[in-house]
Structure formats: structure tokens, C-alpha cells
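Remarks on the overall topology
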Amino acid sequence: MQQEQGGKSDTEVTWEDQQNINKFGRLNNRLHELLDEIKTAKETNDNLEDASNELILTDEEVIRFQVGEVFVHVPNDEVESRIEEMKEATSTNLEKLEEEKGTILAQMAELKKILYGKFKDSINLEED
Amino acid sequence: MASTSIETMTTTTAERRGIPGAQFVEDVQTYLTQLGLDVNSALAFLQERLQQYKLVEMKLLAQQRDLQAKIPDIEKCLDVVGTLQAKKGTGEALIADFEVSEGIYSRAHLEDADSVCLWLGANVMLEYSCEEATSLLQNNLDNAKASLEVLIADLQFLRDQVTITQVTIARVYNWDVHQRRIRQATAAKDS
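In this text the structure is predicted, and so the values were computed from the model without any measurement.

Regarding its fold elements, chain B presents four helices and four strands. Taking 16 Å as the expected radius of gyration for a compact globule of 191 residues, we find that chain B reaches 29 Å, considerably beyond that expectation. Once the C-alpha set of chain B is aligned to its principal axes, its extents read approximately 100 × 35 × 25 Å. Here chain B, with 191 residues, has 35% of them falling under the buried criterion. Across chain B, every contact between residues at least 6 apart in sequence was considered, and the portion connecting residues at least 24 apart equals 63%. For chain B, the exposed surface amounts to about 11,500 Å²; the carbon and sulfur share of it is 54%.

With 25 residues of chain A at the contact, the number on the chain B side is 29 residues. With both sides pooled, the region where chain A packs onto chain B buries about 2,600 Å², and carbon together with sulfur makes up 51% of that total. In this structure, the connection of chain A to chain B is made through three salt bridges. The salt bridge partner of K76(B) is E69(A), with a shortest N-O separation of 3.1 Å. Counting only elements with at least two residues in the side of chain A that touches chain B, the list comes to α1 (15–57), β1 (62–67) and β2 (70–75) of chain A. In terms of residues, the side of chain A that touches chain B owes the most to one element, α1(A), which gives seven residues. Split into classes, the residues belonging to the side of chain A that touches chain B amount to seven nonpolar, ten polar and eight charged. Bridge analysis of β2(A) against strand β1 (residues 94–101) of chain B gives two bridges, and the strand direction is antiparallel. Note on β1(B): the bridge partner recorded for V72(A) is A96(B).

Residues and elements named next belong to chain B. Mapping T165 onto the fold places it in helix α4 (residues 130–190). Engagement of the side chain of T165 in a polar contact is seen with the backbone oxygen of Q161, the distance being 2.6 Å. Aside from chain neighbours lying at most four places away, what touches T165 is A22, L46, R49, L50 and Y53.

All names here are of chain B. Inspection of the secondary structure assignment puts V81 in helix α3 (residues 39–87). As for V81 and D160, which are separated by 79 residues in sequence, their C-alpha atoms are 42 Å apart. Those residues within four positions of V81 in sequence are excluded, and the remaining contacts are V116, C130, A133, T134 and L137.

A word on the UniProt feature "coiled-coil region" (unreviewed entry) in chain A. Within this numbering scheme, the UniProt entry marks residues 24–114 of chain A as carrying the feature "coiled-coil region" (unreviewed entry). Between the first and last C-alpha atoms of residues 24–114 of chain A the distance is 11 Å; the span itself is 80% helix and 13% strand.

With that out of the way, let us pick up a nonpolar patch on the surface. Residues and elements named next belong to chain B. Nonpolar side chains collect at one region of the surface, where L120, V124 and L126 lie side by side and expose about 230 Å² of accessible area between them. Following the sequence through the fold, V124 ends up in strand β4 (residues 124–129). Note on V124: relative accessible area 36%, which makes it partly exposed.

Time to look at the nonpolar core. One recurring pattern in soluble globular proteins: nonpolar side chains tend to sit buried together. By size, the foremost hydrophobic cluster in this structure holds 51 residues, and its most contacted members are V79(A) and Y31(B). When sequence neighbours within four positions are dropped, the list of residues in contact with Y31(B) reads Q23(B), V25(B), F45(B) and L46(B). With 19 residues, the next largest nonpolar core counts L27(A), L31(A), I104(A) and F24(B) among its residues.

Cut-offs used in this document
- Residues numbered from 1 in each chain as written.
- Chains lettered and ligands numbered in written order.
- Predicted model: local features only at pLDDT ≥ 70, side-chain atom pairs only at ≥ 80, totals over all residues.
- Heavy atoms only, no water.
- Helix = DSSP H or I, 4+ residues; strand = E, 2+ residues; numbered from the N terminus.
- Rg over C-alpha atoms; globule rule 2.2 N^0.38 Å.
- Buried < 20%, exposed > 50% of the residue type's maximum accessible area, 1.4 Å probe, protein only.
- Contact = heavy atoms within 4.5 Å.
- Areas by Shrake-Rupley, 256 points an atom, 1.4 Å probe, with all protein chains shown as cover.
- Buried area = accessible area lost by both parts, 1.4 Å probe.
- Salt bridge = Lys/Arg side-chain N within 4 Å of Asp/Glu carboxyl O.
- Nonpolar A, V, L, I, M, F, W, Y, C, P; charged D, E, K, R; others polar.
- Pairing = 2+ DSSP bridges.
- Polar contact = N/O pair within 3.5 Å; in protein donor to acceptor, adjacent residues only side chain to side chain.
- UniProt positions renumbered as here; feature names shortened; annotations may be inferred.
- Patch = residues over 30% accessible without salt bridge, like charges linked within 9 Å, V, L, I, M, F, W, Y side chains within 5 Å.
- Core = buried A, V, L, I, M, F, W, Y, C linked by side-chain atoms within 4.5 Å.

What follows is the structure, given as C-alpha cells:
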């Protein structure tokens, strides 16, 4: 990715262009990390959702709640509030990640415009 | 060897954690004459650099993975100590099922646990009061997070150098192709 191709280009590459290419590369890396993080955050969210649904269905007064490596016996209502807290934390986190993804995509689109504008098809900024 | 002259030329670019900065080439022709290298040896040198960068990148990525695994571990420990502390003074025992061996669980009653033992590594375990344990673990967590941040910055710097080198390789290559075409064109005209 992001390598110049073909020999027909005579366009001078300036330090500014190089910096833009670097920035694009960095953003692209971060984007991939973010996509992974968003995926795990969503999974956590789903798991918590499942857990709270199961909690509603169960008659058990005391729930075995995993803390670290052990299962602590915790009363039903306390587990409920704990799960709610965790759900809230993950969804705020998810929102933050989605927001970052948005800004990164916008910045990348901006850089693409600049770089394609200058190098035309001598540069390739797309994923394989 | 040409590497000495290259070393002096790269002093203009910053260096980070022993990772040399890649030099940005303004003009391929001047770059080659300055180095006194022909196209092929310049490309070979740049490729070698790229390999070195990739090697460092792999090392840093491994470190990053370690740290990223360590952080949730510490958070889990903090969670457990917090749970113990929350039960303390309530007069109730904390009942927990814990794994004795793989797949085998037993039940523990923890009454007014004042202290926990922390595995410090190197076959050493020390007993701490819950407060001390929390502050120690918190401290470890902050340290791990700080190192991760530094590591990510290092990786970014490294990746910039990789990108610069890749672009330079492409440009040296393109320049060479271009030069050959010019030579061919003039040769065709002469004959």
C-alpha cells in the first residue's frame, strides 16, 4: 500500500508530501487498531446484554459472579447493578471509539484528496 | 563502506530509542552523487534498512502485546482486592468458588480478610494489607499504561521511518527507470 507505482511520474516528492504520506500511514494503522477495539467492545457489550437477560430469567437469589479468576457469591440485585455499571462503561467506550473512527476517516479522506490531487494514479492509497 | 557517509547524513533526522531516522531525499540525483552510490547499491542499502526496521517493529509489537495483556491482568487483581475490601467490616463472609485444579472448584469463606498475598515474580510472594496492595497494583497499572504509551509513540516513529524508506525506494527505482528511458531514447536517435 501507499507506494508509488510506475515509472512515468515526474512529480517531485517534497518533504510536505512525505509527511502527508506518513500521516496517512499512521491514520491507517490506527484505523485498523480501532476496528479491532470496536469489535471487542461490541462483543463485551453483547455478552453483558446476554448476562443481564439471563439474570432476569433466573430465580437464584445468589449469583456466582466472576471477579478475576474466582466466582464470588453475590446477591442477585447487586449483580444486576454491577452489570448495569459495566454495560454503561463499555457503551461509553464504544461511543468514544466510533467517534475516533469518524475523525480518522475524515482525515484520511482529506489526505487522499491532497495526495491523489498531486500524484494522480502514481500513488495508491487503497487497501489490497 | 558507504555506511559511514550515510550515518553522518542522517544526523539531521531525529533518532528515537536507538532507532535511526530515515533521511528524506529531496532529489534522487543529488542523493546518489552525495552517497557516491549507484542505483543498485543504493537500493540494496535501503532494502537492508527496511529489513532492520521491520525487525525492530516486530520486537516492539511483541512488547506491545505483552503490555496489553498485562494491563487487564492488573485490573483483574485490583477488582479482587476491591471486592475483598468491600466485604470487610460488614461481618459477612465473602463466599467464593475458586479453581483448585483445572475444572475442579472448591468453596472458600473469607472472613474479614485484612491482607492479600501478591505474587511479585521470581518465586517471591509477599503479604500486603488491602490498602497497600491496591496502591501497589494501581502503581503497576499506571506504569504499564505509561510504558504502553511510550511504546506506541516509538512504533509510530518507526512506522514513519518505514514509510519514508519505502517511498525513497520507489523514487530511486522510478528515477532509474526514467534515466534508462532517456538513455534509450537518445541511443535510438543516434543510430
